[in-house]
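What the coordinates show
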Amino acid sequence: MKKFLTLTALCLTLASSFAEAATPGEVAIGSQLREAPLRGLSGPSKKLSTYRGKPLLINVWASWCGPCRQEMGSLQRLAQRYNGKQFNVIGISTDDYRDRAEAFLKQSNTTFSNYIDHELFMENMLGADRLPLTLLVDADGRVLGKFYGAKQWDGPEALKAISTAFRIKM
């Protein structure tokens, strides 16, 4: 019985390790994002550090991702209301084909800054092993939270989470 319990505990430990496995180079919650080039999709290319000094919401998406498409409208409304004021909102497309990402942004009337990540650098650093992924990052570039799956980003629950994480009044 003792061997069975020991083996069971070992299996559970290994299973939880695999479930927690990070993407290559992933920055954990509480750690600071590294410098990274952002290849412009809906505007000019920039460096990630350009966004330092103000809290940042980063949404990682793809044009083929249904949940990503579902939440983009709420991200656009959030950006229209707060982008550049109390915090910034940017998107990172993981699309392989730039034209598909551009077509989706046009179709969804998305106007906040979006970038494309062909080399998977941002995808890996942010931990986007599933989409959509939204990160809340403080003014110094430290990851405060990661949210997987589609959310209503301009809804009361999300606004409260953003307000609390960024320590701002909305």
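Structure report, in brief. (Residues numbered from 1 in each chain as written. Predicted model: local features only at pLDDT ≥ 70, side-chain atom pairs only at ≥ 80, totals over all residues. Heavy atoms only, no water.)

1. What to know about the sheet that holds strand 5 (residues 114-116)
Put simply, the rule reads: In this scheme, strands are said to pair when DSSP sees at least two bridges between them. Comment: elements are numbered from the N terminus, with helices defined as DSSP H or I runs of at least four residues and strands as E runs of at least two. Any pair of residues with heavy atoms lying within 4.5 Å of one another is described as a contacting pair. All axes are obtained by fitting lines to C-alpha atoms, using only the stretch in contact for helices, and the reported angles, taken between N-to-C directions, cover 0 to 180 degrees.
Across the sheet, seven strands lie side by side as 2-1-5-4-3-6-7; this open sheet has mixed pairing. Unpaired on one side and paired on the other, strand 2 (46-47) and strand 7 (143-148) mark the two borders of the sheet. Judged from the three bridges that link them, strand 4 (residues 88-93) and strand 5 form a sheet pairing that is parallel. Bridge pairing in strand 5 links Gly91 to Asn114. On top of the sheet, helix 5 (residues 156-166) reaches strand 3 (56-61), strand 6 (133-137) and strand 7; it is set at about 35 degrees to strand 6, its chief contact.

2. Observations concerning empty space enclosed by the protein
Rules: Points on a 1 Å grid over protein atoms alone make up a cavity when a 1.4 Å probe fits among them but cannot get out, and a pocket when they form an open set with protein on both sides within 12 Å along at least five of seven lines; lining residues each have an atom within 4 Å of a point. Grid points are joined across faces, edges and corners, and a volume is the space filled by probe spheres set on the points. Charged residues are taken to be Asp, Glu, Lys and Arg, nonpolar residues to be Ala, Val, Leu, Ile, Met, Phe, Trp, Tyr, Cys and Pro, and polar residues to be all remaining types, Gly included.
Under the criterion given, the structure shown has one cavity of 30 Å³ or more. Size it by volume and the largest cavity reaches roughly 60 Å³. Forming the boundary of the largest cavity are Leu33, Leu48, Ser49, Tyr51, Arg52, Leu56, Val137, Asp138 and Gly141. Looking at the lining of the largest cavity residue by residue, the class counts come to five nonpolar, two polar and two charged.

3. Description of the state of the cysteines
Formally: Sulfur atoms of two cysteines make up a disulfide when they are within 2.5 Å. Throughout, exposure labels follow a simple rule: accessible area from a 1.4 Å probe, protein chains only, divided by the maximum for the residue type, with under 20% read as buried, over 50% as exposed, and the rest as partly exposed.
Evaluation of the coordinates by the stated rule reveals one disulfide. One disulfide in the model links Cys65 with Cys68; its S-S distance is 2.4 Å. For the disulfide bridge between Cys65 and Cys68, the dihedral angle about the S-S bond is near 75 degrees, and by the sign convention the bridge is right-handed. Per residue, the accessibility class of Cys65 equals that of Cys68, and both read buried.

4. Some thoughts on the environment of Asp96
Among the structural elements, Asp96 can be located in the loop between strand 4 and helix 3 (98-107). C-alpha of Asp96 to C-alpha of Leu120: the two residues are 24 residues apart in sequence and 9.9 Å apart in space.

5. Details of the packing of aromatic side chains
The condition is simple: Classification of ring pairs uses Phe, Tyr and Trp, with its six-membered ring standing for Trp, and accepts pairs whose centres are within 6.5 Å; under 30 degrees between planes counts as stacked, over 60 as edge-to-face, and the remaining range as tilted.
As enumerated under the stated definition, the model contains five aromatic pairs in all. Taken together, a centroid distance of 5.5 Å and an interplanar angle of 50 degrees make the contact between Phe87 and Phe166 tilted. One end of the pair, Phe87, is in the loop between helix 2 (66-82) and strand 4; the other, Phe166, is in helix 5, with 79 residues separating them in the sequence. On the accessibility criterion, Phe166 (7% relative accessible area) is buried.

Read these as layout, nothing more, since geometry by itself doesn't imply function.
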